Amino acid sequence: MKQLLRLTFLALVAMVCNTAMADEATFTKDQFSGQGVLGGKTDGTSTITASVGDIKISEFNGYSKPSNAYFQLYANGLLTISPLNGVTITDVVITANKTDYNGYQSSGVVEANVGTLTGSTTSKEIVWTGTSTSDITISHTKQMRVDKIVVTYSPAGAVVVKVPTISGETIFDNETEVTIAAEDGASIYYTTDNTDPTTGSTPYTGAFKVSATTTVKAIAVVSGNASSVSSKTFTKAETMTLAQAQKAEVGTVCSVQGIVVAKCTKGVLLADNTGYLYYYLNSLPEFDINDNLKVMGSLSTYGGLNQLTNSAVATKVGSNSFEPGQAEVMDGAAVDAWVANPSIKYVQLSGTLNISGSYYNLAIENATTVGSILYPTDDIKSLLETGNSYKVNGYLVYPSGSATKYANIIVTSVTSATGINGVVADEVNADAPVYNLAGQRVNKNVKGILIKNGKAFINK
């Protein structure tokens, strides 16, 4: 009998040890600086690595050096957290370094291949929760300046209950349905008051709806063993006009609706009868002019003007036309004044074009500000040649620059200083004579705007 009690006691001790033991691995720049990665490249080919305990971290497109108080994870990188020796990762906390601007330079998307991720590239802290015995990959579209990464894990053989998965639209404008899923045989308990759940909390019996901003937390329980806490916040967006969104506090989660009136290769401009709002996508938009979009997301700011970024979610809800009215013709003094007090407006700018790499800049007469054609589409590029003078119509969306100020404009139409509007390459008869704009016959190898077969074309 005594032997049976002793064996039972030892079994209970072993169970407690298996469920209670947890280790932490803390990664700072010092761990990475010992890996021979000083002077990492910024061209998307640099990978930094470090190992602490049974955890290995690698970052594609990362950088670390002793003079920094942080290690740098560049834009469009991939952070990989690998469990070694059969351990199970249950928690990851990424802490920002530069708290004076929330740790990161600008807003962006952060996504994980498994588990639950809370926070963004404007957060001081990004938290991953889950249960993973394989690689966790966290992708980020903006750079992150990181002070430390703390990984919590259970040793091989420990009893680990997988954290439940909480699903639903995280940003909504009316109500959203929340579902929670766990491993087979698990009981689920949840809270909606931001407290950590216990087995005394509300049992999950099926999907439920929330109609206000709510943080849902849940645990899964199997044979008396509880998982770590899973958490997801569902945010109710405030319905606004574009003018209201332009004046709202940065960070406000809003729902707006507007017509696409202009587009570039990185975003679109939305308009309604109250004003404008730039929607920065950081990629070629799939939307067309006159598409009516409903967009929900968190407001950020750039150049003193509010905008929505690629973390927002857009849905096409129809098509409408929009008439901007007569373009405001702005001279150099007007452009300089606009930079000091910017607003989105439909304008006409004139100047001599200088193309340098991906930059298309207009030298505006009597202005210290440079007119910058913002991420021009191929259709607009085909109408432009460096050294020529143009009148461009479009929307000023934001100023930028420090020593040199830039007035960034999404161009909708181009007119050359010669009065030829929308010149295109067109060759009907390859042997036809070629003339310059003065009517003089020239060699076919001459560069610039020429006339052939009675039509103007650009010879590059």
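Residues numbered from 1 in each chain as written. Predicted model: local features only at pLDDT ≥ 70, side-chain atom pairs only at ≥ 80, totals over all residues. Heavy atoms only, no water.

Some words on the overall build of the protein chain
Then comes step 1: Each helix and strand counted, the protein chain has 5 helices and 37 strands in total.
Then comes step 2: Residue burial in the protein chain is summarised as follows: out of 460 residues, 45% are buried.
Then comes step 3: Summed over its atoms, the accessible surface of the protein chain is roughly 22400 Å², and 47% of this surface lies on carbon and sulfur atoms. (Helix = DSSP H or I, 4+ residues; strand = E, 2+ residues; numbered from the N terminus. Buried < 20%, exposed > 50% of the residue type's maximum accessible area, 1.4 Å probe, protein only. Areas by Shrake-Rupley, 256 points an atom, 1.4 Å probe, with all protein chains shown as cover.)

Quick word on the sheet that holds strand S16 (residues 208-210)
Pairing between the strands of a sheet is mediated by backbone hydrogen bonds and can be parallel or antiparallel.
Then comes step 1: Strands sit in the order S11-S13-S16 across an open sheet of 3 strands; the sheet is antiparallel. Either end of the sheet is taken by a strand with one partner, and the two such strands are strand S11 (165-167) and S16. Each strand axis lies, on average, 30° off the axis of its neighbour in the sheet, ignoring direction.
Then comes step 2: Across 3 bridges, S11 lies against strand S13 (residues 176-181) in antiparallel orientation. Paired with Ile-166 across the bridge in S13 is Ile-180. (Pairing = 2+ DSSP bridges. Axes fitted to C-alpha atoms, helices over the stretch in contact; angles between N-to-C directions.)

Remarks on unusual backbone geometry
Then comes step 1: Here the phi dihedral of Ser-223 falls at roughly 50°; this positive angle occurs in a residue that is not glycine.
Then comes step 2: Summarising the element assignment, Ser-223 is placed in the loop between strand S17 (214-222) and strand S18 (225-226).
Then comes step 3: Despite not being glycine, Asn-366 has its phi angle at roughly 65°, a positive value.
Then comes step 4: Examined against the element boundaries, Asn-366 turns out to sit in the loop between strand S30 (359-363) and strand S31 (370-373).

Examining the pattern of salt bridges
Then comes step 1: Within this structure, the stated rule accounts for 7 salt bridges.
Then comes step 2: Close ionic contact of Lys-209 with Glu-175 constitutes a salt bridge, the shortest N to O distance being 3.3 Å. With Lys-209 in strand S16 and Glu-175 in the loop between strand S12 (171-172) and S13, this pair connects stretches of sequence that are 34 residues apart.
Then comes step 3: Between Lys-345 and Glu-328 there is a salt bridge, with the nearest N and O atoms lying 3.2 Å from each other. In this pair, Lys-345 sits in strand S29 (residues 345-356) while Glu-328 sits in strand S28 (residues 328-329), placing the two residues 17 residues apart along the sequence.
Then comes step 4: A relative accessible area of 23% means that Lys-345 is categorised as partly exposed.
Then comes step 5: Taking the relative accessible area as the measure of exposure, Glu-328 reaches 36% and is therefore partly exposed. (Salt bridge = Lys/Arg side-chain N within 4 Å of Asp/Glu carboxyl O.)

Re empty space enclosed by the protein
Then comes step 1: Taken as a whole, this structure holds 1 cavity of 30 Å³ or more when the rule is applied.
Then comes step 2: If you go around the largest cavity, the residues you meet are Lys-263, Cys-264, Ile-373, Leu-374, Tyr-375, Pro-376, Thr-377, Ile-380, Ile-410 and Val-411.
Then comes step 3: When grouped by side-chain class, the residues that make up the lining of the largest cavity number 8 nonpolar, 1 polar and 1 charged. (1 Å grid on protein atoms, 1.4 Å probe; cavity = no way out; pocket = protein on both sides within 12 Å on 5 of 7 lines; lining within 4 Å. Points joined across faces, edges and corners; volume = space filled by probe spheres on them. Nonpolar A, V, L, I, M, F, W, Y, C, P; charged D, E, K, R; others polar.)

Concerning the packing of aromatic side chains
Then comes step 1: The tally for this structure, following the rule as stated, stands at 9 aromatic pairs.
Then comes step 2: Residues Tyr-190 and Phe-208 carry aromatic rings whose centres are separated by 4.7 Å and whose planes lie at 10° to one another, so their mutual orientation is stacked. Taken together, the residues span a long stretch of sequence, with Tyr-190 in strand S14 (residues 187-191) and Phe-208 in strand S16 at a distance of 18 residues.
Then comes step 3: Exposure remark for Phe-208: the relative accessible area of 14% places this residue in the buried category.
Then comes step 4: Note on Tyr-346 and Tyr-395: the rings are 5.0 Å apart at their centroids and 40° apart in plane angle, and the pair reads as tilted. (Phe/Tyr/Trp six-rings, centres within 6.5 Å; stacked < 30°, edge-to-face > 60°.)

Looking at the nonpolar core
Side chains of nonpolar character tend, in soluble globular proteins, to be buried together.
Then comes step 1: If you look at the biggest cluster of nonpolar residues, it comprises 27 residues, and the most contacted ones within it are Phe-27, Ile-55, Ile-57, Ile-81, Ile-89, Ile-149 and Val-151.
Then comes step 2: For this core, the secondary structure elements donating two or more residues are strand S1 (23-27), strand S2 (47-52), strand S3 (55-64), strand S4 (71-83), strand S5 (88-96), strand S8 (125-132), strand S9 (136-140) and strand S10 (144-154).
Then comes step 3: When sequence neighbours within four positions are dropped, the list of residues in contact with Ile-81 reads Ile-55, Lys-56, Ile-57, Ile-89, Val-92, Ser-134, Asp-135, Ile-136, Ile-138 and Val-151.
Then comes step 4: Within the second largest apolar cluster, 21 residues are counted, among which are Leu-353, Leu-362, Tyr-390 and Val-392. (Core = buried A, V, L, I, M, F, W, Y, C linked by side-chain atoms within 4.5 Å. Contact = heavy atoms within 4.5 Å.)

Observations regarding the pairing of S9
Then comes step 1: Of the two faces of S9, only one is covered, namely that formed by Ile-136, Ile-138 and His-140; the face formed by Thr-137 and Ser-139 stays uncovered.
Then comes step 2: Note that S4 and S9 share 5 bridges and pair antiparallel. The residue bridging Leu-78 from the neighbouring strand is Ser-139, located in S9.
Then comes step 3: Bridge analysis of strand S6 (residues 110-112) against S9 gives 3 bridges, and the strand direction is antiparallel. Counted as the bridge partner of Val-110 is His-140 from S9.

Some points on the pairing of strand S23 (residues 276-280)
Looking along a regular strand, one sees the side chains alternate between the two faces of the sheet.
Then comes step 1: Within S23, 5 of the 5 residues are buried, which leaves the element mostly enclosed by the surrounding structure.
Then comes step 2: Where burial is concerned, the two faces of S23 agree: the one with Tyr-276, Tyr-278 and Tyr-280 and the one with Leu-277 and Tyr-279 are both buried.
Then comes step 3: As defined by bridge partners, strand S22 (residues 267-271) adjoins S23 across 5 bridges and the pair is classed as antiparallel. Looking at S23, one finds that Ala-271 is bridged to Tyr-276.
Then comes step 4: Hairpin connection, S22 to S23: the antiparallel pair is bridged by 4 residues.
Then comes step 5: Two elements, S23 and strand S26 (residues 305-308), share 2 bridges in a ladder whose sense is parallel. Bridged to Tyr-278 within S26 is Gln-307.

Notes on the confidence of the model for the protein chain
Then comes step 1: Averaged over all residues, the pLDDT of the protein chain is 84; the fraction at 70 or higher stands at 81%.
Then comes step 2: Taken together, the stretch residues 421-428 has pLDDT below 50 and engages in 18 contacts with residues farther than four places along the chain or on a different chain. (pLDDT = per-residue confidence, 0-100.)

Comments concerning the environment of Tyr-390
Then comes step 1: You can see Tyr-390 is positioned in strand S32 (residues 389-400).
Then comes step 2: By relative accessible area, Tyr-390 is classed as buried at 2%.
Then comes step 3: Note: C-alpha distance between Tyr-390 and Ser-416 (26 residues apart in sequence) is 4.3 Å.
Then comes step 4: Each residue touching Tyr-390, except ones within four places of it in the same chain, is listed here: Leu-349, Ser-350, Gly-351, Leu-353, Leu-383, Leu-384, Glu-385, Val-414, Thr-415, Ser-416 and Ala-417.

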